[in-house]
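Inside the fold
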Amino acid sequence: SQQGEEDPQALSIQEGENATMNCSYKTSINNLQWYRQNSGRGLVHLILIRSNEREKHSGRLRVTLDTSKKSSSLLITASRAADTASYFCATAWGGADGLTFGKGTHLIIQP
Amino acid sequence: DAGVIQSPRHEVTEMGQEVTLRCKPISGHDYLFWYRQTMMRGLELLIYFNNNVPIDDSGMPEDRFSAKMPNASFSTLKIQPSEPRDSAVYFCASAAGTSGNTIYFGEGSWLTVV
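One structure accompanies this document, and this report is about it. Bear in mind that the values here come from a model prediction, so they are computed numbers and not experimental data.

**Things to note about unusual backbone geometry**
- With an omega dihedral of 0 degrees, the bond running from Asp7(A) to Pro8(A) counts as a cis peptide bond.
- Along the chain, Pro8(A) falls in the loop between β1 (5–7) and β2 (10–14).
- The amide bond that connects Ser7(B) to the next residue, Pro8(B), takes the cis arrangement and shows omega of -10 degrees.
- Along the chain, Pro8(B) turns up in the loop between β1 (5–7) and β2 (10–13).
- At Ala78(A), a position not held by glycine, the phi torsion is positive, near 45 degrees.
- On the secondary structure map, Ala78(A) appears in the loop between β8 (71–76) and β9 (85–92).
- With a phi angle near 75 degrees, Asn52(B) is a residue other than glycine that sits in the positive phi range.
- Inspection of the secondary structure assignment puts Asn52(B) in the loop between β5 (42–50) and β6 (53–56).

This is how it looks when you write it as structure tokens:
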């Protein structure tokens, strides 16, 4: 399966701390994307990193990609209560047009 | 843009009834996806369309599920007959361009089959 696996499954930190989530996948990819899902809502795209990129930033988000280890990490700096959500990595691989999602990391930011 | 619009947002139905979920993708997007989300299985791709043509329906769980896209602005996912194990959140999503581009999700249809 191409499915990404997020780690940890759940993470609880204090507001202001940094949150790091990891994603591992199994075979070659074209790109890897991170999405956020607030409770009761649809998924929202956060950031896309292509297979030839190693790091990408967007505001308080930093994503790294290590294709040799088939892994990616999402770092959220200076976390806020509004960052409480589930975070999913999704992989896009050759020959398929749909993204394959992991089961997500549930992040709780405690005020 | 209004984003991907799904209806109904919530549906409770009795086992054996027919359920039809509807989706309006973002205008101009040529890919449309139907996903199902459950606690046990996470987010599963059921079927996707490109230019209104079904490309891959290998994720459709069984013959009780069917999906259509009669035109670029409308798609349906039908379950007939419904069973309690079909209870889940069903997401429609759309994307523009080639494989692996950003996917835009609707807010989901929360289905409960009792």
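Once you've had a look at it, read on.
**Observations concerning the environment of Gln37(B)**
- For Gln37(B), the location among the structural elements is in strand β4 (residues 31–38).
- Classification of Gln37(B) by relative accessible area gives buried; the value is 16%.
- Along the backbone, Gln37(B) and Val89(B) are 52 residues apart, and their C-alpha atoms lie at a distance of 5.2 Å.
- Contacts of Gln37(B), omitting those with residues within four sequence positions, involve Gln37(A), Phe88(A), Gly42(B), Leu43(B), Ala88(B), Val89(B) and Phe91(B).
- A distance of 3.0 Å separates polar atoms of two side chains, one belonging to Gln37(B) and the other to Gln37(A).

**Observations regarding the sheet that holds strand β7 (residues 65–71) of chain B**
All names here are of chain B.
- The four strands are arranged β1-β3-β8-β7 in an open sheet whose pairing can be described as antiparallel. Looking at strand neighbours, the two that pair on one side only are β1 and β7, the edges of this open sheet. The sheet shows a mean angle of 15 degrees between the axes of neighbouring strands, taken without regard to direction.
- Here strand β3 (residues 19–24) runs beside strand β8 (residues 74–79); their pairing, made up of five bridges, is antiparallel. Among the inter-strand pairings, Cys23 is bridged to a residue of β8, identified as Ser75.

**A closer look at the state of the cysteines**
- Applying the stated criterion to the full structure yields two disulfides over all chains.
- Here Cys23(A) connects covalently by a disulfide to Cys89(A), the sulfurs 2.0 Å from one another. Across the disulfide from Cys23(A) to Cys89(A), rotation about the S-S bond amounts to roughly 65 degrees, and the bridge is consequently right-handed. Of this pair, Cys23(A) sits in strand β3 (residues 19–24) while Cys89(A) sits in strand β9; the two residues are 66 residues apart in sequence, bridging distant segments of the chain.
- Accessibility expressed as a relative area gives 0% for Cys89(A), which makes it buried.
- The disulfide partner of Cys23(B) is Cys92(B), and the S-S distance across this bridge is 1.9 Å. Handedness here is read from the sign of the S-S torsion; for Cys23(B) and Cys92(B), about -70 degrees, the answer is left-handed. Residue Cys23(B) is found in strand β3, and its partner Cys92(B) is found in strand β9 (residues 88–95); the two are separated by 69 residues along the sequence.

Conventions and cut-offs
Per chain, residue numbering runs from 1 following the sequence as it is written. The naming scheme follows written order: chains are lettered A onward, ligands numbered 1 onward. Two thresholds apply to this predicted model, a pLDDT of at least 70 for residue-level local features and 80 or more for giving and counting side-chain atom pairs, whereas whole-chain, interface and lining totals are computed over all residues. As a rule here, side-chain values come from all non-hydrogen atoms in the structure, and water together with hydrogens is ignored. Where helices and strands are cited, they refer to DSSP runs of H or I of at least four residues and of E of at least two residues respectively, numbered from the N terminus. We call a residue buried when its accessible area falls under 20% of the maximum for its residue type, exposed when it is over 50%, and partly exposed in between, using a 1.4 Å probe and counting protein chains only. Here a residue-residue contact requires only that any non-hydrogen atoms of the pair lie within 4.5 Å. Counting of polar contacts relies on pairs of N or O atoms within 3.5 Å, with two restrictions inside protein: one atom must be capable of donating a hydrogen and the other of accepting it, and residues adjacent in sequence are counted only when both atoms are side-chain atoms. Criterion used throughout: strands pair if DSSP finds at least two bridges between them. To get an axis, a line is fitted to the C-alpha atoms, and for a helix only the part in contact is used. The angle between two axes follows their N-to-C directions and goes from 0 to 180 degrees. When two cysteine sulfur atoms are found within 2.5 Å, that pair is recorded as a disulfide.

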